[in-house]
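# Structural description and commentary
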Amino acid sequence: GRTGTAIGSSDELAAFLRQSLHRLSADGKLVCWSLMLDAKPVAMMFGVRDAGRCWIVKIARDEALDRFSPGQLLVLEVTRWLFEQDDIMFADSCAEPGHPMIDHIWRDRLDMRDVLIGRPGQNPALFALLCRLERIRRAVRKTLKTALIRIRKGHRP
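Bringing the pairing of strand 2 (residues 40-50) into the picture now. Examined bridge by bridge, strand 1 (residues 30-37) and strand 2 share 8 bridges and lie antiparallel to one another. Following the sheet pairing, Leu35 is matched in strand 2 by Ala43. Taking the residues between adjacent antiparallel strands as the criterion, strand 1 and strand 2 are bridged by 2 residues, where Asp38 takes a positive phi near 50 degrees. Alignment of strand 2 against strand 3 (residues 53-61), held across 8 bridges, turns out to be antiparallel.

Positionally, Thr146 belongs in helix 4 (residues 124-152). For Thr146, a relative accessible area of 40% translates into the label partly exposed. Among the polar contacts made by the side chain of Thr146, one reaches the main-chain carbonyl oxygen of Lys142 at a distance of 2.9 Å.

This part covers the confidence of the model for the protein. Across the protein, the average pLDDT comes to 89, with 95% of residues at 70 or higher. The secondary-structure element of the protein with the lowest mean pLDDT is helix 3 (residues 102-105), recorded at 86, while strand 1 shows the highest, at 96.

What counts and how
- Residues numbered from 1 in each chain as written.
- Predicted model: local features only at pLDDT ≥ 70, side-chain atom pairs only at ≥ 80, totals over all residues.
- Heavy atoms only, no water.
- Pairing = 2+ DSSP bridges.
- Helix = DSSP H or I, 4+ residues; strand = E, 2+ residues; numbered from the N terminus.
- Buried < 20%, exposed > 50% of the residue type's maximum accessible area, 1.4 Å probe, protein only.
- Polar contact = N/O pair within 3.5 Å; in protein donor to acceptor, adjacent residues only side chain to side chain.
- pLDDT = per-residue confidence, 0-100.

Put into structure tokens, the structure is as follows:
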């Protein structure tokens, strides 16, 4: 929303998402959920369902109702729904580790890794430098994200 991270903040990203959702829906792989209050959505979420698996892709909520945790309430309902589906054996929240909401609801995690693979014939020193730069990029991103969260909560970084 206000921070510019919403999909609707980018016309290009929004168009890509619309096209992708239409394709997933046509293939019967799109699942959508909503939490309603007085016939108005207060939280919505969509996921991809395929071959016994379900990935929760995006959640949105009415920020004016944050004190009632509409996003968390919807995740609880979707979790219940997932357990009722006989054909879904695996579900992934697609949230980063340490997510302040989902980690309290879905506590189990699969250990996943990113692997950098150099091209055949690539200079080993250059590849080592690229790996080092990627580690630095990730550390800086994590630090900035933590600082932003603290600033939003009214704490000093």
